[in-house]
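Here is what each chain is made of, one letter per residue.
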Amino acid sequence: MVINDFAKRIKELRLQQGLSQEKFALRIGMDRTYYASVETGKRNVSLKNIKRIADGFGIPLGELFKNM
């Protein structure tokens, strides 16, 4: 399922950058509990918030979907 694949991808990227969920959520101006629900695949995230996540990682939007 694409939601779970996306969740795994953003968790992987966050861990590669050595960030906690809380620190990453603060970086992108998102509530930690909301971000956690996205990262665990429990929430269908909006395109606007997907862009915020990509910007937080410093990568192009399309890079979030690499190898999915």
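In case you missed it, the structure is sitting above this.
As the structure is a prediction and not an experimental result, all values here were calculated from the model.

Enquirer: I keep staring at the packing of aromatic side chains and nothing clicks. Help me out?
Expert: The geometry of an aromatic ring pair is captured by the separation of the ring centres together with the interplanar angle, meaning the angle of the planes. Taken as a whole and judged by the stated rule, the model has three aromatic pairs. Geometrically, the ring pair formed by Phe-24 and Phe-57 is stacked, given 4.3 Å between the ring centres and 15° between the ring planes. Of the two residues, Phe-24 sits in helix 2 (residues 21-28) while Phe-57 sits in helix 4 (residues 47-57), which places them 33 residues apart along the sequence. There is no split in this pair, since Phe-24 and Phe-57 are both buried. Ring-pair connections join several aromatic residues into one group, and the members of that group are Phe-24, Tyr-35 and Phe-57.

Enquirer: In this structure, what is going on with helix 3 (residues 32-39)? I would like to understand it.
Expert: Side chains three or four residues apart in an α-helix point the same way, a direct result of the helix having 3.6 residues per turn. Where burial is concerned, most of helix 3 is hidden: six out of the eight residues are buried. Taken as a whole, helix 3 has its buried residues at Tyr-34, Tyr-35, Ala-36, Ser-37, Val-38 and Glu-39. Among the structural elements, helix 1 (2-16), helix 2 and helix 4 are those in contact with the buried residues of helix 3.

Enquirer: Would you mind showing me how to read the side chain of Arg-14 here?
Expert: One can find Arg-14 in helix 1. Accessibility expressed as a relative area gives 7% for Arg-14, which makes it buried. In this structure the side chain of Arg-14 is engaged in a polar contact, spanning 2.7 Å, whose partner is the backbone oxygen of Leu-19. Non-local contacts of Arg-14, meaning those with residues more than four positions away in its chain, are made with Leu-19, Ser-20, Gln-21, Phe-24, Tyr-35, Glu-39 and Phe-57.

Each value, and the rule that gives it
Residues numbered from 1 in each chain as written. Predicted model: local features only at pLDDT ≥ 70, side-chain atom pairs only at ≥ 80, totals over all residues. Heavy atoms only, no water. Phe/Tyr/Trp six-rings, centres within 6.5 Å; stacked < 30°, edge-to-face > 60°. Helix = DSSP H or I, 4+ residues; strand = E, 2+ residues; numbered from the N terminus. Buried < 20%, exposed > 50% of the residue type's maximum accessible area, 1.4 Å probe, protein only. Contact = heavy atoms within 4.5 Å. Polar contact = N/O pair within 3.5 Å; in protein donor to acceptor, adjacent residues only side chain to side chain.

These results come straight from atomic positions and should not be treated as a statement about function.
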